[in-house]
Amino acid sequence: MDFAFFLIQLLNGLQYGLLLFLVASGLTLIFGIMGIINLAHGSFYMVGAYLAWSLASMTGSLAAAILLGVVLTVLLGVALEWLLIRRLYERDHLYQVLLTYGLILVFEEMRSILWGDDVHGVPVPALLAHSIPLTENLSYPVYRLVISGVCLLLALGMYLLIARTRLGMMIRAGSSNRDMVQSLGINIRLIYTLIFALGVALAAFAGMINAPLSSVFPNMGGGVLIICFVVVVIGGIGSVKGALVASLLIGLAETFGQVLVPEVAGMIVYLLMAAVLVWRPEGLFRKL
Amino acid sequence: MSSNEKGFDRREFLKGTAAVAGATAVGTLAPFGLAQAQSGKIKVGLMLPYTGTYAALGVAITNGFKLAVEERGGKLGGREIEYIVVDDESNPAKAPENANKLIQRDKVDVVIGTVHSGVALGMAKVIRETGTLWINPNAGADEVTGPLCAPNIFRTSFSNWQSTYALGKVLKAEGRKTAVFITWKYAAGEQMMAGFKEGFEKEGGKLVKELYTPFPQVEFQALLTEIASIKPDAVVAFFAGGGAAKFLKDYAAAGLKGKIPLYGSGFLTDGVLEAVGDAAEGVETTLHYADSLNTKKDNAFRLAYAKTYKLQPDVYAVQGYDAGQLLAAGLDAVKGDISSKAAMIKAMEAAKIDSPRGTWTLSKAHNPVQDMYLRKVVGKQNLVQGVAFKALADPARGCKA
């Protein structure tokens, strides 16, 4: 591998890492801060992708589809929290696993009924449908770079929200002692509803913005779910910064793993996770 | 005291329900068994996916099979057909149990299934033990008509090896001397890779690199960069469904399309052309079926299928249809007497199937000996360019039956 290709692979790794962060960010909130084991995270991702496809073909614009989709999925998140998740905060994790696993089945079946089982494509917006030539036969799609930019903005936004705002302070307080916060007169129920809705919307947003790259197909959430949990576990449960660092680590490890040691490429991520867990059982970063 | 009473009640209740359940079971089973013996229907067990990713394939196969039966007046060898349907969910873990259900409980005469190779391998064990007649209308695992072959095991689709072996000739004819193969790291991908390698090297080509990505991951950027740095004459790929759509788009977006020609097993471009826009334009693939064969048989089949099901048929529908035709050939020969299995198998082995894909026969290991078409993506269709390999037979390595 000469130097130019090394740099390109580095770019691939970072870009993939940022994409992973985008997909895992919603889980960081729901699992990391609320402590809810949300197996349906991948389903929200899939719902987002299908929404992007159907809304974009209705409105003719991906941007409009994303705006509309975010609103819809926030509502979906509020409704789910209000109807179902709310009943589980006091219960054992096993109940959350059961419920959210059930949601996976429900969402897959709904998807099949509403949208069918076909593979669909979402066109990249014309403005961004270019590629930048890198070598004589390889070029880099602009849309991927745009996504990377969006991911960085999102990471910054989440960091500011949690570390610097009053709402963030309440979220942090709620995640360390729910009862105490409640007795201080803060409406913790509302805050949890908000976080859950935000988490759902983030997962769906990832699916939407990623739809032109990934295509839209049944069971697309399944693969995403596992890697998201790996990101959150490596990064440290509840840490946005940790999730970002872990995403980049995984992106780089997978990219170079596939090229340098293809025989074990499928295991590299999990080896990395095992190593981190042995070295720091609590993950790379402690809370927040 | 009160809790004791409750416990007693529950035990009594359980005894009661058990007795009732037992009585109804005996009551319903006995006349059911009698009715079966008299009606004389042939019991066909359809073990296919009707939910999940492959649901559409399971439905296409079922439709094709039933169309073949309907065309014969709903009877094969003079006997009516009774269908017993099991959704295998493409779940290999449940395969032996599902196959057993059909064979032991429902006592089917023949099993038709399935799509997923892992499930097919799970079925194979049960089928080999019981000796039940099995027609596999899709799953391409080489083993089914290789090490696992048996007199009662038939396939009407393809072997993974077949789906890429013919590409060797295609690449040679188009002057490509080096190639890179890219696929998922799982059994089907590796078997297609091996088939291509054998075919390509026989023609003097050189497979310079095998690239694998973990199944079912769809992040290809690192491997596309690797391809750009290797600069082979051609890239050959096997992916399917959503993965195929993403690969075709990524290949084009990375600027490789038009610089390094892309080839593949036909599954790369089947069912995804609507999704990928013009990213697949010009991609050449080999498969045992194509969109524009324009033969008398194919046109008639496509018309009948579209009329009956209000759907366009695909390669899976053809494979299901041929499973029906193959069973018909066997049952006609023994006049519907499915108990004379040896004579029936002999007739099936000798059958010449007049298929929408073109006439085919069976190899010794019961896999189709068939023409592999060269297809090219033009617009939203896989247009046939000619026959890439005439009457290609799977080598059936490891088959001792």
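Let me sum up the structure you'll find in this document. (Residues numbered from 1 in each chain as written. Chains lettered and ligands numbered in written order. Predicted model: local features only at pLDDT ≥ 70, side-chain atom pairs only at ≥ 80, totals over all residues. Heavy atoms only, no water.)

### Some points on the overall build of chain A
Heads up, the condition is: Elements are defined by DSSP. Helices are runs of H or I of four residues or more, strands are runs of E of two residues or more, and each kind is numbered from the N terminus. Each radius of gyration is computed over the set of C-alpha atoms, and the globule rule expresses the reference value as 2.2 Å times the number of residues to the power 0.38. The cut-offs for exposure are 20% and 50% of the maximum accessible area for each residue type, with area from a 1.4 Å probe on protein chains only; residues under the lower value are buried, those over the upper are exposed, and the others partly exposed. Residue burial considers only the protein chains on display, and all accessible areas are found by Shrake-Rupley using a 1.4 Å probe. Asp and Glu are treated as the negative residues and Lys and Arg as the positive ones, with His and the ends of the chain left uncounted. Here the site of a charge means atom NZ of a Lys, CZ of an Arg, CG of an Asp or CD of a Glu.
Within chain A, the secondary structure is distributed over 11 helices and two strands. Across chain A, helices and strands are ordered from the amino to the carboxyl terminus as α-α-α-α-β-β-α-α-α-α-α-α-α. Scaling as 2.2 N^0.38, a compact globule of 288 residues should have a C-alpha radius of gyration of about 19 Å, and chain A matches this with 19 Å. Reported as C-alpha extents along the three principal axes, the dimensions of chain A are approximately 65 × 50 × 35 Å. Looking at chain A as a whole, 52% of its 288 residues are labelled buried. Accessible surface, chain A: about 12,700 Å² in total, of which carbon and sulfur atoms supply 72%. Positive and negative side-chain charges in chain A, numbering 14 and 13 respectively, have mean positions lying 17 Å apart.

### Quick word on a nonpolar patch on the surface
Operational definition: For patches, a residue must show more than 30% relative accessible area and have no salt bridge; joins then use 9 Å for like charges and 5 Å for nonpolar side chains, namely Val, Leu, Ile, Met, Phe, Trp and Tyr. Here, a salt bridge means any side-chain nitrogen of Lys or Arg that lies within 4 Å of a carboxyl oxygen of Asp or Glu.
Together, F3, F6, L7, L10 and L14 of chain A make up a nonpolar patch on the protein surface, roughly 440 Å² of accessible area in all. Position of F3 of chain A relative to the elements: it lies in helix α1 (residues 3-33).

### A look at the layout of surface pockets
Gaps left between atoms are located by rolling a probe of water-molecule size over the structure's atoms. The condition that has to hold: Points on a 1 Å grid over protein atoms alone make up a cavity when a 1.4 Å probe fits among them but cannot get out, and a pocket when they form an open set with protein on both sides within 12 Å along at least five of seven lines; lining residues each have an atom within 4 Å of a point. Grid points are joined across faces, edges and corners, and a volume is the space filled by probe spheres set on the points. Only Asp, Glu, Lys and Arg are considered charged, only Ala, Val, Leu, Ile, Met, Phe, Trp, Tyr, Cys and Pro nonpolar, and every remaining residue, Gly among them, polar.
Approximately 340 Å³ is the volume attributed to the second largest pocket. Mapped onto the lining of the second largest pocket, the elements with two or more residues apiece are α5 (142-164) and α8 (188-214) of chain A together with α9 (241-253) of chain B. Top contributing element to the lining of the second largest pocket by residue count: α9 of chain B, with three residues. Residue composition of the lining of the second largest pocket, by class: 12 nonpolar, three polar and two charged.

### Some remarks on the interface of chain B and chain A
Cut-off, in case you're wondering: Contact definition: two residues touch when any of their heavy atoms are within 4.5 Å. Two parts lose some accessible area (1.4 Å probe) when they are put together, and adding that loss for both gives the buried area. In the analysis that follows, any N or O atom pair within 3.5 Å is treated as a polar contact, provided that within protein one partner can donate a hydrogen and the other can accept it, and provided that, for residues neighboring in sequence, both atoms belong to side chains.
On the side of chain A, 32 residues touch chain B, which itself brings 31 residues to the contact. For the pair chain B and chain A, the summed buried surface comes to about 2,700 Å²; carbon and sulfur atoms form 54% of the total. By the criterion of area lost to chain A, the three top residues of chain B are E219, Q221 and T225 of chain B, representing 18% of everything that side buries. Taken together, the connections running from chain B to chain A amount to three salt bridges. The tally of links between chain B and chain A comes to 14 residue pairs in polar contact (both at pLDDT 80 or more). Listing elements by their share of the side of chain B that touches chain A, those giving two or more residues are β8 (206-214), α8 (221-230) and α9 of chain B. Broken down by element, the residue count for the side of chain B that touches chain A peaks at eight residues, all from α8 of chain B. Tallied by class, residues from the side of chain B that touches chain A come to 13 nonpolar, 10 polar and eight charged.

### Remarks on the pattern of salt bridges
Inspection of the entire model under this criterion finds 17 salt bridges over all chains. A salt bridge links E136 of chain A to K231 of chain B, with the nearest nitrogen and oxygen atoms 3.1 Å apart. Here the residue E136 of chain A occupies a position in the loop between β1 (131-133) and β2 (139-141), and K231 of chain B occupies one in the loop between α8 and β9 (234-238), the pair thus bridging two chains. Residue E136 of chain A is classed as exposed on the basis of its relative accessible area of 60%. For K197 of chain B, the salt bridge identified is with E210 of chain B, shortest N-O distance 3.9 Å. Separated by 13 residues along the polypeptide, K197 of chain B in helix α7 (residues 187-202) and E210 of chain B in strand β8 bring together distant segments of the chain.

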